[in-house]
Amino acid sequence: MKERREYRCTRNALYTHDCTGRDDIRERQGYYVWASSEEEAWEEMAKRHPNETVDGFTTQEWEGFNVIIREIKPSEQP
């Protein structure tokens, strides 16, 4: 069995709503898909967005990282 990796995938079709990623796919957050290859990641995007397969999807291998979230409360003033 081939090792699964994380891929960042973006939709190539132009967005219909007004936003920063509408005309520039570099501004899009993308989708993070676990797959055995770029082709498999593309196929997963095609399942999620079947009406956009003509424009296609951009896939790239992604090296995820751990994020630590801490709550910081304001200090009490005397």
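One can find the structure itself at the top, above this paragraph.
Now for a look at the structure at hand. Only a predicted model underlies this, so the values are computations on that prediction, with no experimental measurement involved.

The rules behind these values
Residues numbered from 1 in each chain as written. Predicted model: local features only at pLDDT ≥ 70, side-chain atom pairs only at ≥ 80, totals over all residues. Heavy atoms only, no water. Helix = DSSP H or I, 4+ residues; strand = E, 2+ residues; numbered from the N terminus. Buried < 20%, exposed > 50% of the residue type's maximum accessible area, 1.4 Å probe, protein only. Contact = heavy atoms within 4.5 Å. Areas by Shrake-Rupley, 256 points an atom, 1.4 Å probe, with all protein chains shown as cover. Pairing = 2+ DSSP bridges.

**What to know about the overall build of the chain**
Then, in step 1: Secondary structure summary: the chain contains one helix and three strands in total.
Then, in step 2: For the chain, the N- to C-terminal ordering of α and β elements is β-β-α-β.
Then, in step 3: Here the chain holds 78 residues, and 28% of them are scored as buried.
Then, in step 4: A fraction of 57% describes how many contacts in the chain between residues 6 or more apart in sequence connect residues 24 or more apart.
Then, in step 5: Summed over its atoms, the accessible surface of the chain is roughly 6,700 Å², and 47% of this surface lies on carbon and sulfur atoms.

**Quick look at the pairing of strand β1 (residues 5-11)**
Across a regular strand the side chains alternate sides, sitting on one face of the sheet and then on the other.
Then, in step 1: When you tally the buried positions in β1, you get six out of seven residues, the bulk of the element.
Then, in step 2: One ladder, built from five bridges, connects β1 with strand β2 (residues 31-35); its direction is antiparallel. Bridge assignment links Tyr7 to a residue of β2, and that residue is Val33.
Then, in step 3: Looking at chain direction, β1 and strand β3 (residues 57-61) are connected through five bridges and run antiparallel. Residue pairing for β3: Thr10 is matched across the bridge by Thr58.

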